[in-house]
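Here is how the chains run, residue by residue.
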Amino acid sequence: MARRKTIKVGDLFAGAGLFSQAFNEAGGNLKFAIELDPLAASSYARNVGTEIKTGSVVSQKVFPACDVIVAGPPCQGFSTLGRRDPKDVRNSLCLVVPQWAERCRAQVVVVENVPPFLASPSWKLMRDAFEARQYEVATWTLDAVDFGVPQRRRRSFTIASKIGLPEPPKPVQATTIAHVFKRLRRNDPMHVWPEGSDLMKHRLALLPENGDRRDLLLASPELCPPSWWKIGCQATDVWGRMKLNAPANTLRCDFQNPSKGRYVHPTESRVISLREGARLQQIPDSWVLNGHRTAITRQIGNGVPLGLGRAIAQQVMNLF
Ligand SMILES: C[S@@+](CC[C@H](N)C(=O)[O-])C[C@H]1O[C@@H](n2cnc3c(N)ncnc32)[C@H](O)[C@@H]1O
């Protein structure tokens, strides 16, 4: 049945626009977006097309009316990989979301973050601020791999609503890296990766599929620095090679650095390309991401993969 009204959506902390795009594809009408980083904002404008304000969500003076607000505030202060610093000033940014909701008269709000966010004092303050404004609040912790994304990526979603709470989305069939690493164009400007030193190339060539730094320590200790032998340095993802017929592990902002995770190509002696990273996040090949390499990996690694975003967007849109 056709929906009677147009659902207006606003995106705070919009990044390059993956979560916005999911709402676009679910039939939402993107009305505004705010993003601090000018490069991410220019990618957003190019790909999503909605008007985007480059600046901080805390210093805006105009609050356009909308039905839905989506927000992905920075997660570094909550992430198990970050320093999880309760004093990180970015932690309090989520508290502006209930204020925006009130000013924009939004009926439904979706706040995306890492799962530990839900146990933080900032989350409790945000929930209280929503409840004080008569929103009902629910939380979901979902894994992108359950929504057709070739990547394990657990994220929390806080839903605040004045029109009833949506059901969580139903999982769909899983997919693998092999499925999205097909038909890559050699002349694609995004199909690029850092060459790395001779030592790095040597290490990468020795990594077995699904192997990691521990395999290098066993096979070629002479290629490994003393720090790798220290107790507590046995993280299983570091210098990890992906497995072709499996989903990838969580893609982070520095996914072209092998010392940061399982980012080595499943069959080649290199880290994955920008295009391969974008495909793991289901970013269409037609999108152009602006900026230098680290700006692009940040825009990719920060995003909500489209399959997961669409599943959530659909449940929210069904409320109207
Ligand atoms: C997790 S990312 C959001 C990703 C986005 N939801 C997507 O799916 O592509 C968080 C974004 O918040 C932006 N940001 C950080 N502080 C901000 C602020 N004060 N105002 C607006 N944006 C901010 C960062 O530059 C980053 O792009």
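Computed from a predicted model, the values in this text were never measured in an experiment.

1. Quick notes on helix α1 (residues 18–25)
And then number 1: The buried fraction of α1 is high, at six of eight residues.
And then number 2: Within the sequence span of α1, burial applies to L18, F19, S20, Q21, A22 and F23.
And then number 3: The first or second residue beyond α1 is G27, which carries a positive phi of 100°.

2. Quick look at the pattern of salt bridges
And then number 1: Throughout the structure, instances matching the rule amount to 15 salt bridges.
And then number 2: A salt bridge links D37 to R298; the nearest nitrogen and oxygen atoms lie 3.7 Å apart. Of this pair, D37 sits in the loop between β2 (29–35) and α2 (38–47) while R298 sits in helix α9 (residues 293–302), and the two are 261 residues apart along the sequence.
And then number 3: Overall, D37 belongs to the partly exposed group, its relative accessible area being 21%.
And then number 4: Judged by its relative accessible area of 35%, R298 falls in the partly exposed class.
And then number 5: K201 is paired through a salt bridge with E195; the nearest N and O atoms lie 3.7 Å apart.
And then number 6: Note on K201: relative accessible area 34%, which makes it partly exposed.
And then number 7: Judged by its relative accessible area of 53%, E195 is exposed.

3. Details of the site of the ligand
And then number 1: The full set close to the ligand counts 19 residues, and F19, E35, S56, V57 and V304 are the nearest of them.
And then number 2: Between an oxygen atom of the ligand and a main-chain N or O atom of L18, the distance comes to 3.2 Å.
And then number 3: Residue V304 places a main-chain N or O atom 3.1 Å away from an oxygen atom belonging to the ligand.
And then number 4: Protein contact buries 90% of the 610 Å² of open area that the ligand shows by itself.

4. So, the UniProt feature "active site" (unreviewed entry) in the protein chain
And then number 1: Mapped onto this numbering, the UniProt entry gives "active site" (unreviewed entry) at C75.
And then number 2: Mapped onto the secondary structure, C75 falls in the loop between β4 (68–71) and α3 (96–104).
And then number 3: C75 gets classed as partly exposed once you look at its relative accessible area, which sits at 23%.
And then number 4: When sequence neighbours within four positions are dropped, the list of residues in contact with C75 reads N113 and V114.

5. Let's talk about the packing of aromatic side chains
What describes a pair of aromatic rings is the distance from one ring centre to the other and the angle between the planes of the rings.
And then number 1: For the coordinates displayed, the defined rule picks out six aromatic pairs.
And then number 2: Measuring from centroid to centroid gives 5.7 Å for F32 and W100, while their planes differ by 25°, and the two rings are stacked. Pair noted here: F32 is in strand β2 and W100 is in helix α3, with a separation of 68 residues, a long-range link.
And then number 3: For F32, a relative accessible area of 6% translates into the label buried.
And then number 4: Residues W228 and W239 carry aromatic rings whose centres are separated by 5.8 Å and whose planes lie at 50° to one another, so their mutual orientation is tilted. Here W239 lies in the loop between α7 (213–219) and α8 (274–280) and W228 lies in the loop between α7 and α8, a separation of 11 residues in the sequence. Taken as a pair, W228 and W239 share a single burial class, namely buried.

Cut-offs and rules
Residues numbered from 1 in each chain as written. Predicted model: local features only at pLDDT ≥ 70, side-chain atom pairs only at ≥ 80, totals over all residues. Heavy atoms only, no water. Buried < 20%, exposed > 50% of the residue type's maximum accessible area, 1.4 Å probe, protein only. Helix = DSSP H or I, 4+ residues; strand = E, 2+ residues; numbered from the N terminus. Salt bridge = Lys/Arg side-chain N within 4 Å of Asp/Glu carboxyl O. Near = heavy atom within 4 Å. Polar contact = N/O pair within 3.5 Å; in protein donor to acceptor, adjacent residues only side chain to side chain. Areas by Shrake-Rupley, 256 points an atom, 1.4 Å probe, with all protein chains shown as cover. UniProt positions renumbered as here; feature names shortened; annotations may be inferred. Contact = heavy atoms within 4.5 Å. Phe/Tyr/Trp six-rings, centres within 6.5 Å; stacked < 30°, edge-to-face > 60°.

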